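Observations on chain architecture
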Amino acid sequence: MIYDITPPITDALEVWPGDTPPSREVLLDMKRGANPTLSTLHATVHLGAHADGPSHYGKDAPGIDGRALDDYLGPCQVVRVSVGPRELITPAHVPAEIRAERVLFRTGTFPDPNHFRQDFAALAPELVGHLRARGVRLVGIDTPSVDLFDAEELPAHHACLRHDMAILEGVVLDGVPEGVYELIALPLKLVGFDASPVRAILRTLPVPGDHS
Ligand SMILES: [Zn+2]
């Protein structure tokens, strides 16, 4: 079974204030007699479900193409945390046992990708080192940022830079039960870019011993 944890990319999707919303420019249209249909996408690379590249928050850090693909592919634990608006997820919110190298947090504080609200929850910077010490290589969240909206110093992003932690933002985890899945969320090979949109999915793992 597959959970598609990617919000639909339409012109209704609301991106970060000031960033470039998605739009489709149709160059050729078969409905108007052209052959074939051809269009151009204009959008921020921080579009919907996306992977941040280290160059987004580190001056001399590599772009999204510099990250290992293994970060975005493999066992992944979904953790539901009970946090309110503008609250930080701390190590106290995290279960004692981390069961995968990738962890996605469902906060429920950014319920509609088509309505950008600024009071979403985020990661406490000390959580990043806590997860790294438990073998985690990717952290993801169901909000537009691992930092709070008005966190100008981006402390959680910088903690990810220090700990070489991959970041997935903007995933939709409604209806995904807690548990361990296979994550597939490969970034495009956008050389030198500061992020890439991803088609993020969670696939249920086969139950051991079940050959049906
Ligand atoms: Zn980010």
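The preceding data block contains the structure.
This report concerns the structure included in the present document. Predicted, not measured: the structure shown is a model, and the values here were computed from it.

1. Overview of the side chain of Asp 71
For Asp 71, the position within the fold is in the loop between strand 4 (50-52) and strand 5 (73-80). On the accessibility criterion, Asp 71 (4% relative accessible area) is buried. In this structure the side chain of Asp 71 is engaged in a polar contact, spanning 2.8 Å, whose partner is the side chain of Arg 137. Not counting the four nearest positions on each side in its chain, Asp 71 is found in contact with Arg 102, Arg 137, Leu 138 and Ala 166.

2. Looking at the layout of surface pockets
Estimated volume of the largest pocket: approximately 500 Å³. The residue makeup of the lining of the largest pocket, split by class, is 16 nonpolar, nine polar and seven charged.

3. So, a nonpolar patch on the surface
Residues Leu 27, Leu 28 and Leu 38 make up a contiguous nonpolar surface patch of about 250 Å² in total accessible area. Locating Leu 27 in the fold gives a position in strand 2 (residues 23-28).

4. A look at the coordination of the zinc ion
Donor atoms from the polypeptide that bind the zinc ion are Asp 52 (OD), His 157 (NE2), Glu 169 (OE) and Glu 169 (OE), placed at 1.8 to 2.4 Å. Summarised as a motif, the one-chain spacing of the donors to the zinc ion is D-x104-H-x11-E. Remark: His 157 occurs in helix 2 (residues 155-162) and Asp 52 occurs in strand 4; sequence separation between them is 105 residues. Per residue, the accessibility class of Asp 52 equals that of His 157, and both read buried.

5. Structural notes on helix 2
For helix 2, the set of buried residues is Ala 156, His 157, Ala 159 and Cys 160. Buried residues in helix 2, looked at end-on, bunch into an arc of 160°, giving them a common side. Buried-residue contacts for helix 2 involve strand 4, strand 8 (122-123), helix 1 (125-133), strand 9 (138-141) and strand 10 (166-169). Looking one or two residues beyond helix 2, the residue adopting positive phi is Asp 164, at roughly 50°.

6. Quick word on the pairing of strand 5
Regular strands show a simple pattern: their side chains alternate between the two faces of the sheet. Here six bridges tie strand 5 to strand 11 (residues 179-184), and the two strands are oriented antiparallel to one another. Among the inter-strand pairings, Leu 73 is bridged to a residue of strand 11, identified as Ile 184. Sheet analysis places strand 5 next to strand 7 (residues 102-106), joined by five bridges and oriented parallel. Bridging from a neighbouring strand, Val 78 pairs with Leu 104 of strand 7.

Basis of the calculations
Residues numbered from 1 in each chain as written. Predicted model: local features only at pLDDT ≥ 70, side-chain atom pairs only at ≥ 80, totals over all residues. Heavy atoms only, no water. Helix = DSSP H or I, 4+ residues; strand = E, 2+ residues; numbered from the N terminus. Buried < 20%, exposed > 50% of the residue type's maximum accessible area, 1.4 Å probe, protein only. Polar contact = N/O pair within 3.5 Å; in protein donor to acceptor, adjacent residues only side chain to side chain. Contact = heavy atoms within 4.5 Å. 1 Å grid on protein atoms, 1.4 Å probe; cavity = no way out; pocket = protein on both sides within 12 Å on 5 of 7 lines; lining within 4 Å. Points joined across faces, edges and corners; volume = space filled by probe spheres on them. Nonpolar A, V, L, I, M, F, W, Y, C, P; charged D, E, K, R; others polar. Patch = residues over 30% accessible without salt bridge, like charges linked within 9 Å, V, L, I, M, F, W, Y side chains within 5 Å. Areas by Shrake-Rupley, 256 points an atom, 1.4 Å probe, with all protein chains shown as cover. Salt bridge = Lys/Arg side-chain N within 4 Å of Asp/Glu carboxyl O. Donors = N, O, S within 2.8 Å, 3.2 Å for Na, K, Ca; no water. Arc of directions from axis to C-beta. Pairing = 2+ DSSP bridges.

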